[in-house]
Amino acid sequence: MSRKRKKKADELRRVMEEDGEAIGDTTRLATQLTEARLAMTPDYEELRDEARAVKENAIERLPELIEETKSAVGENGGTVYVADDAEDANDYIREVAREEDAESVVKSKSMTTEEIEINDALAEDGVDAWETDLGEYVIQVAGDKPSHLIGPAMHLSAEDIAEIFNRELDTDEELPANPIELTAFARDRVGEKIKNADIGMTGANFVVAESGSIALVTNEGNARKTAVTPDTHIAVAGIEKIVPSVGDLDPFVELIAKTGTGQNITSYVSLLTPPVDTPTVDFEKDELGEEGGEGRDFHLVLLDNGRMEMRDDPDLRETLYCIRCGACANTCANFQSVGGHAFGGETYTGGIGTGWEAGIHGLDSAGEFNDLCTGCSRCVENCPVKIDIPWINTVVRDRVNREGDGNFDFLVDGLSPDAEDGADLQKRFFGNVERFAKLGAVFPRTSNFLADTRPFKAVLSRFFGVDTRRDLPEFSKDTFVGWFDRRTGDEGDETVVVYPDLYTNYFSPERGKATVLLLESLGYEVVISQPRESGRAPLSQGMVETSRKRAEKVADDLLGHIEEGRDIVVIEPSDLAMFRDDYEKLISDEDYETLSESTYEISEYVENVTDEEDFEDIEADTDVLYHSHCQQRSLDLEAQTVSLLETAGYDVTTTDAECCGMAGSFGYKSEYYEISVDVGEQMMEGVNVDLEDVTVTASGTSCADQFEYLTGSESEIPHPVELLAERLRERS
Ligand code: SF4
């Protein structure tokens, strides 16, 4: 393993050991609560559509809304400052602090103030800045970094927090690891800070242009206290937080709680129109000021810091719709293993963190953790504003690749006919896996023998970062296409096209054969399309141009079949996800629509055309454990496979993990091997059947590989279609 990859692997292992357990427990619980809450929200999709429309409109009208906000806040008696960047924002805030002779500032939770690092800037002037959010307070006392967008101390247990408080703070007596006592202790300390502060600084979940109001959505009351206890209030918000009107807040107030924490609504939803008219308060004299809030001062700092450029960037623009609920991080299997200390950049964490970091801090910061997104797409359905997070990660990966030096390109020139400059050898290897598979399939026995030898594994590890602990998939002696071409198929009333994906063709032809036999047994005549890689492999490496070229060729071939009235049946879920989702970004709108409407996953297709009669007379006594594929779940197709297996007489138990951890090439990469295994082991822990008593089946090739690896199985894990074909064979 190269030194760079080893360093990355060591760092991931360290974070996994330190943070993994607490992060995993909390994020998994949050995801369960969110899913339960969303199941009780029949209008979830309408709310998402509404929220998305508000954000699209607000970002489109942003320059005009900034001006409207300035006018409204000015009319209310406050001041708006639009800061170009972090330094500009900090200079303005420091100037306000100087004018106020401020010695201390209290802050409510705000990622935007983390982004500009205001605490450090104020410290340069001798001004103390104190966090009042419990999690942020813990992090500040510990001298640590937040590990999650909404749960900054998520990586710490009650024991850790007690140890930090006892070590760092002057406590009268040793604090126990009791969350209630720790919270009460922190509340008292924070309360004192708020009483003595000269300035209160908040963020803003939303800024309302028409009224100059700010909305604060929290589960602690400290934001309210911070905003109104000191005479001077500074709110710092990214310009993307502006919405046109109070009515536009409606969907967000519901969604942010449901997707973020699984609550129906957060404990506090505050709509303030500062400067507020609550009387000022002098705690030393125990006096209230005049009615009407005389003596109050309000500054709204609207931060650009790269956001206007993101607005003009068609691929990063969507990032500005993010309401920072954290659901994408909670639902991400890799994030569940390492948390934001590894899956995050200078400020922002999780799947959407890549978009924020790329736009705000630049590609170096985004590139540090971008590869941890495997594009599994499980985050998308929990995103309240429907952001295509995997696509943002792919585009950023592409940009990071292009910054590379391509030093060792000569090693793969000719073998990897990709369109990108700069992508490293590992990405070029996995992105061009079709080319390597074609070469290996010429002499499958020799290739399989070589792939198992230590010198060959060492070469793959040294140059392409393939982990030596993994075995590459074995080439089949015969390809699926070779088998198909030699046989005489059945004639049928209707012709259906099977797409021979790369893995079915070279490594697992049995599932292709089962697909053909199953379709023929249902009366279809089967043809196959050109055996071309769909573009999934390069796309997953961030090689967008290469993927686009492949997508155009595959689409061209498949559209020819569709023109002749044929449906396309796909076996590998990740390829179906290409045709149904990713091709929208890669081929023309018209071609995408036609193709996405005519492609079907094999189980989905068969389930639509079969009933129990097709499987009658079958003795049904087999239990199966079925693992659906992450992208298959995102396409809402798990249920069809389960239903079909049940129709065929199988008693089905399913896994419930978001992802098996293999995620195509991810689990083969030496720097990610351990996190891949950790995710896989989490999945296995959730399996509540004895593997000795069941037949395991998986839809995705890499999921099957992961199962075989984790269980040490010598035999191949079958695709569900193989079980179905077996049942039909038993009947005949
Ligand atoms: S991208 Fe979506 S799910 Fe992730 S934090 Fe933003 S709003 Fe929430």
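Numbers given for residues are sequential positions, taken from 1 along each chain in its written order. The model is predicted, so local features are restricted to residues of pLDDT at least 70 and side-chain atom pairs to those at 80 or more, both for listing and for counting; the totals for chains, interfaces and linings are taken over all residues. Computation of side-chain values covers all heavy atoms of the structure but excludes hydrogens and water.

Considerations on the overall build of the protein chain
The numbering of helices and of strands both runs from the N terminus, where a helix is a DSSP run of H or I of at least 4 residues and a strand a run of E of at least 2. Along the backbone of the protein chain there are 34 helices and 19 strands. The globule rule puts the C-alpha radius of gyration for 732 residues at 27 Å, and the 28 Å found for the protein chain is close to it. A separation threshold of at least 6 residues defines the contact pool for the protein chain, and within that pool the share at least 24 residues apart is 76%. Surface exposure of the protein chain reaches about 30600 Å², of which carbon and sulfur atoms provide 44%. Positive and negative side-chain charges of the protein chain, numbering 69 and 156 respectively, have mean locations separated by a distance of 6 Å. With the radius of gyration taken over C-alpha atoms, the globule rule is written as 2.2 Å times the number of residues to the power 0.38. Here, two residues are considered to be in contact whenever any of their heavy atoms come within 4.5 Å of each other. Each accessible area value is a Shrake-Rupley result obtained with a 1.4 Å probe; residue values ignore everything except the protein chains displayed when judging cover. When charges are counted, Lys and Arg contribute as positive and Asp and Glu as negative, whereas His and the chain ends are disregarded. The atoms used to mark charge sites are NZ of Lys, CZ of Arg, CG of Asp and CD of Glu.

Focus on the state of the cysteines
Cysteine sulfurs are considered disulfide-paired once they come within 2.5 Å of each other. Here the structure, examined in full by the defined rule, presents zero disulfides. Cysteine Cys376 shares no disulfide, and the gap to the nearest cysteine sulfur, in Cys630, comes to 4.7 Å. Partly exposed describes any residue whose relative accessible area lies between the buried limit of under 20% and the exposed limit of over 50%, with all areas from a 1.4 Å probe on protein chains only and scaled to the type maximum. The exposure class assigned to Cys376 is buried, which follows from its relative accessible area of 13%. Cysteine Cys630 remains unbridged, with the sulfur of Cys659 as its closest cysteine sulfur at 4.4 Å. What makes Cys630 buried here is its relative accessible area of 7%.

What to know about the nonpolar core
As used here, the term nonpolar core means buried Ala, Val, Leu, Ile, Met, Phe, Trp, Tyr and Cys residues forming a set that is joined through side-chain atoms within 4.5 Å. Ranked by internal contacts, the top residues of the largest apolar core, which has 40 residues, are Phe252, Ile352, Trp356 and Ile387. At the level of secondary structure, the elements contributing two or more residues to this core comprise helix H2 (44-60), strand E5 (206-208), strand E6 (213-218), helix H11 (250-261), helix H13 (327-330), helix H15 (353-360) and helix H17 (389-402). For this core, the element with the most residues is H2, which contributes five residues. Not counting the four nearest positions on each side in its chain, Trp356 is found in contact with Glu240, Arg307, Met310, Thr319, Leu320, Cys322, Arg324, Tyr348 and His361.

Points about the packing of H2 against H11
The geometry of H2 relative to H11 is characterised by a closest axis approach of 9 Å and an angle of 120 degrees between their N-to-C directions. The angle between the axes of H2 and H11 places the two elements in the oblique class. For the pair H2 and H11, the sense of crossing is left-handed. Contacts from Tyr44, Leu47, Arg48, Glu50, Ala51, Val54 and Lys55 in H2 reach Asp250, Pro251, Phe252, Glu254, Leu255 and Thr259 in H11. Partitioned by chemical class, the residues of the contact of H2 with H11 number seven nonpolar, one polar and five charged. Note on geometry: axes are C-alpha line fits, over the in-contact stretch for helices, and angles between N-to-C directions span 0 to 180 degrees. Oblique is the label for every angle not falling under 35 degrees (roughly parallel), over 145 degrees (roughly antiparallel), or within 65 to 115 degrees (roughly perpendicular). The crossing is said to be left-handed when, going from far helix to near helix, the turn is anticlockwise and less than a right angle, and right-handed when the turn is clockwise. The classification used treats Ala, Val, Leu, Ile, Met, Phe, Trp, Tyr, Cys and Pro as nonpolar, Asp, Glu, Lys and Arg as charged, and all other residues, Gly among them, as polar.

Some details on a negative patch on the surface
Every patch collects residues that have over 30% relative accessible area and no salt bridge, joining them within 9 Å if they carry like charges and within 5 Å if they are nonpolar side chains (Val, Leu, Ile, Met, Phe, Trp, Tyr). Here, a salt bridge means any side-chain nitrogen of Lys or Arg that lies within 4 Å of a carboxyl oxygen of Asp or Glu. The grouping of Asp556, Asp581, Glu584, Asp589, Glu590, Asp591, Glu593 and Glu597 at the surface amounts to a negative patch. Looking at where Asp589 falls in the secondary structure, it is placed in helix H28 (residues 589-598).

Quick word on the packing of aromatic side chains
Here a pair means two rings of Phe, Tyr or Trp (six-membered ring of Trp) with centres within 6.5 Å. Their orientation is stacked below 30 degrees between planes, edge-to-face above 60, and tilted elsewhere. Inspection of the entire model under this criterion finds 25 aromatic pairs. Plain terms: the ring middles of Tyr600 and Tyr605 are 5.2 Å apart, the flat faces sit at 55 degrees to each other, and that makes the pair tilted. Taken together, Phe429, Phe430, Phe436, Phe464 and Tyr668 form an aromatic cluster joined through their ring pairs. Criterion for a charge above a ring: Lys NZ or Arg CZ within 6 Å of the ring centre, and within 35 degrees of the ring normal. One residue, Arg324, lies across the ring of Trp356, its end atom 4.5 Å from the ring centre.

Considerations on the environment of Ser270
Tracing the sequence through the fold places Ser270 in strand E9 (residues 268-272). Counting along the chain gives 55 residues from Ser270 to Ala215, while the straight-line C-alpha distance between them is 5.6 Å. Dropping the residues within four chain positions of it, Ser270 is found in contact with Ile214, Ala215, Leu216 and Arg224. Polar contacts involving the side chain of Ser270 include one to the side chain of Arg224, which spans 2.8 Å. Any pair of nitrogen or oxygen atoms within 3.5 Å is treated as a polar contact; in protein, a donor-acceptor pairing is required on top of that, and neighbouring residues in sequence qualify only through side-chain atoms on both sides.

Notes on the sheet that holds strand E14 (residues 524-528)
Pairing between two strands requires that DSSP report at least two bridges joining them. Taken in spatial order, the four strands line up as E14-E13-E15-E16 in an open sheet, and their pairing is parallel. Edge positions in the sheet fall to E14 and strand E16 (599-601), since each has one partner strand and no second. Ignoring strand direction, the axes of neighbouring strands in this sheet form an average angle of 35 degrees. As paired elements, strand E15 (residues 567-570) and E16 share three bridges and run parallel to each other. Bridging from a neighbouring strand, Val570 pairs with Glu601 of E16. Together, strand E13 (494-499), E14, E15 and E16 form the strand contacts of helix H29 (residues 602-609), whose direction differs from that of E16 by roughly 90 degrees.

Remarks on the environment of Asp371
By the secondary structure assignment, Asp371 is in the loop between helix H16 (363-367) and H17. For the pair Asp371 and Leu316, spaced 55 residues apart in the sequence, the C-alpha separation amounts to 17 Å. Leave out the neighbours within four places in its chain, and Asp371 touches Arg397, Lys427, Phe666 and Tyr672.

A word on H11
The end-to-end C-alpha distance of H11 is 18 Å, a good match for the 16 Å that twelve residues give at a rise of 1.5 Å each. Most of H11 sits inside the fold, with nine of its twelve residues counted as buried. Inspection of H11 places Pro251, Phe252, Val253, Leu255, Ile256, Ala257, Lys258, Thr259 and Gly260 among the buried residues, and these make up the whole buried set. Given a helix with a known number of residues, its expected span is that number minus one, times 1.5 Å.

Some words on the side chain of Thr347
Summarising the element assignment, Thr347 is placed in the loop between helix H14 (333-338) and H15. A distance of 2.9 Å separates the side chain of Thr347 from the side chain of His361, its partner in a polar contact. Aside from chain neighbours lying at most four places away, what touches Thr347 is Met111, Glu114, Glu115, Glu357 and His361.

Things to note about the side chain of Ser365
Looking at the element boundaries, Ser365 is found in helix H16. A residue is classified by how much of its surface remains accessible, and Ser365, at 6% relative accessible area, is buried. There is a polar contact of 3.2 Å between the side chain of Ser365 and the backbone nitrogen of Glu346. For Ser365, the residues in contact, after removing those within four places along its chain, are Gly345, Glu346 and Glu357.

Here's the deal with the environment of Val496
Tracing the chain through its elements places Val496 in strand E13. As a C-alpha pair, Val496 and Tyr524 span 28 residues in sequence and 6.5 Å in three-dimensional space. Not counting residues up to four positions away in its chain, the partners in contact with Val496 are Leu519, Tyr524, Glu525, Val526, Val527, Asp567, Val569 and Tyr605.

Topic: a positive patch on the surface
Together, Arg435, Lys438, Arg532, Lys549 and Lys553 line one region of the surface with positive charge. Those elements that provide at least two residues to the positive patch are helix H19 (433-442) and helix H26 (544-563). Tracing the sequence through the fold places Lys553 in helix H26. Of the residues examined, Lys553 reaches a relative accessible area of 51% and is grouped as exposed.

Considering unusual backbone geometry
Residues Pro274 and Pro275 are joined by a peptide bond in cis, for which omega reads 0 degrees. A positive phi is found at Glu117, a non-glycine position, where the angle reads about 55 degrees. Mapped onto the secondary structure, Glu117 falls in the loop between helix H5 (111-116) and helix H6 (118-124). The phi dihedral of Arg324 falls on the positive side, at around 55 degrees, and the residue is not glycine. Tracing the sequence through the fold places Arg324 in the loop between helix H12 (307-311) and H13. By relative accessible area, Arg324 is classed as buried at 8%.

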